[in-house]
Amino acid sequence: MNKAAHTRNYILENAFSLIYKNGFQATSIDGILENTKVTKGAFYYHFKNKDEMGVAIVQDIVWPEIQKTLLQPLAEYNNPLNAIYQSIKTHILSLSDKQIKYGCPATNLIMELPPLSDAFKIPLQALLDHWQAAVENNLQMAKEKQLISPDTDIHQAATFVIASYQGARTMGKLHVSREGFHAYLAQLDVFLQSL
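In this report, we go over the structure that sits alongside the text. Only a predicted model underlies this, so the values are computations on that prediction, with no experimental measurement involved. (Residues numbered from 1 in each chain as written. Predicted model: local features only at pLDDT ≥ 70, side-chain atom pairs only at ≥ 80, totals over all residues. Heavy atoms only, no water.)

### Topic: the overall build of the chain
Consideration 1: A count of helices and strands for the chain gives ten helices and zero strands.
Consideration 2: Ordered by position from the N terminus, the helices and strands of the chain form the series α-α-α-α-α-α-α-α-α-α.
Consideration 3: Across its three principal axes, the chain shows a C-alpha extent of roughly 60 × 30 × 30 Å.
Consideration 4: In the chain, which comprises 195 residues, the share counted as buried stands at 46%.
Consideration 5: When the 17 positive and 18 negative side-chain charges of the chain are each reduced to one mean point, those points stand 8 Å apart. (Helix = DSSP H or I, 4+ residues; strand = E, 2+ residues; numbered from the N terminus. Buried < 20%, exposed > 50% of the residue type's maximum accessible area, 1.4 Å probe, protein only. Lys, Arg positive; Asp, Glu negative; His and termini not counted. Charge placed at Lys NZ, Arg CZ, Asp CG, Glu CD.)

### Quick word on helix 10 (residues 179-194)
Consideration 1: Taking 1.5 Å per residue as the helical rise, helix 10 with its 16 residues ought to reach 22 Å, and the 24 Å between its terminal C-alpha atoms agrees with that figure.
Consideration 2: On its buried face, helix 10 is in contact with helix 5 (80-93), helix 6 (97-102) and helix 9 (154-175). (Expected span 1.5 Å × (residues − 1). Contact = heavy atoms within 4.5 Å.)

### Structural notes on the nonpolar core
Consideration 1: With 60 residues, the main nonpolar core has Met53, Val135, Leu139 and Leu192 as its most contacted residues.
Consideration 2: If one sorts the elements of this core by residue count, helix 4 (residues 50-71) sits on top with ten residues.
Consideration 3: Setting aside chain neighbours within four positions, we find Leu139 in contact with Leu81, Ile84, Ile148, Ile154, Ala157, Ala158 and Leu195. (Core = buried A, V, L, I, M, F, W, Y, C linked by side-chain atoms within 4.5 Å.)

### Let's talk about unusual backbone geometry
Consideration 1: For Lys37, which is not glycine, the phi torsion reads 65 degrees and is therefore positive.
Consideration 2: Examined against the element boundaries, Lys37 turns out to sit in the loop between helix 2 (29-36) and helix 3 (40-46).
Consideration 3: Since its relative accessible area comes to 67%, Lys37 is described here as exposed.
Consideration 4: Although it is not a glycine, Gln146 adopts a positive phi angle of roughly 60 degrees.
Consideration 5: Mapping Gln146 onto the fold places it in the loop between helix 8 (118-144) and helix 9.
Consideration 6: Residue Gln146 is classed as exposed on the basis of its relative accessible area of 72%.

### So, the packing of aromatic side chains
Consideration 1: Taken as a whole and judged by the stated rule, the model has six aromatic pairs.
Consideration 2: Seen in terms of ring centroids, Phe160 and Phe191 are 4.4 Å apart; in terms of plane orientation they differ by 50 degrees. Their pairing is tilted. With Phe160 in helix 9 and Phe191 in helix 10, the pair connects residues that are 31 residues apart, well separated along the chain.
Consideration 3: Here the aromatic residues Phe16, Tyr20 and Tyr102 are joined through ring pairs into a cluster of three or more.
Consideration 4: When the ring centre of Phe24 is taken as origin, the NZ or CZ atom of Lys50, which lies over that ring, is 4.4 Å away. (Phe/Tyr/Trp six-rings, centres within 6.5 Å; stacked < 30°, edge-to-face > 60°. Lys NZ or Arg CZ within 6 Å of the ring centre and 35° of its normal.)

### Considerations on the environment of Ser117
Consideration 1: Structurally, Ser117 is set in the loop between helix 7 (105-112) and helix 8.
Consideration 2: Considered as a pair, Ser117 and Thr107 are ten residues apart in the sequence and their alpha carbons are 16 Å apart.

### Thoughts on the side chain of Gln166
Consideration 1: Position of Gln166 relative to the elements: it lies in helix 9.
Consideration 2: When its relative accessible area of 16% is taken as the criterion, Gln166 is described as buried.
Consideration 3: Setting aside anything within four residues of it in sequence, one finds Gln166 in contact with Thr107, Ile110 and Leu128.

Rendered as structure tokens:
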């Protein structure tokens, strides 16, 4: 990695940390510069403005993490229905106290940003669409293996899986507790087994 790429990644990682704790709107470029000790010129060399940096955070930090923790595990189980449950269970029960306190980065950004900037809608929508497609793919395989009813609307079921995960993460953030995760997982399992 060359020096420019290293500086860009350094800015993104530090900006993400500040945004994750404080929110996008509350995090200023000056605050990022103070935290990173990079010059204003270095920041603007890599990003035209704060919004462009925010889009890069979604694409370069948030997206790869979701890919690694929630999407890749969908292919690691022989039973595609169990893979959906296990990928979420493994991920949500391994969250650190900090991750519980500050919530799901993607959900936080989705709740905070789209009304403010069209620039964020595209990468955030792409992230959700890809996740939706991955869950739908597993549900389709479950249907083909006759593990779920042939009448199951896989789009609706996948939407529920993702929305319920985001809700569980938001409740964990609100209560600063993982206590509700077990109740959520129990009901997620009931839902998947009922398909």
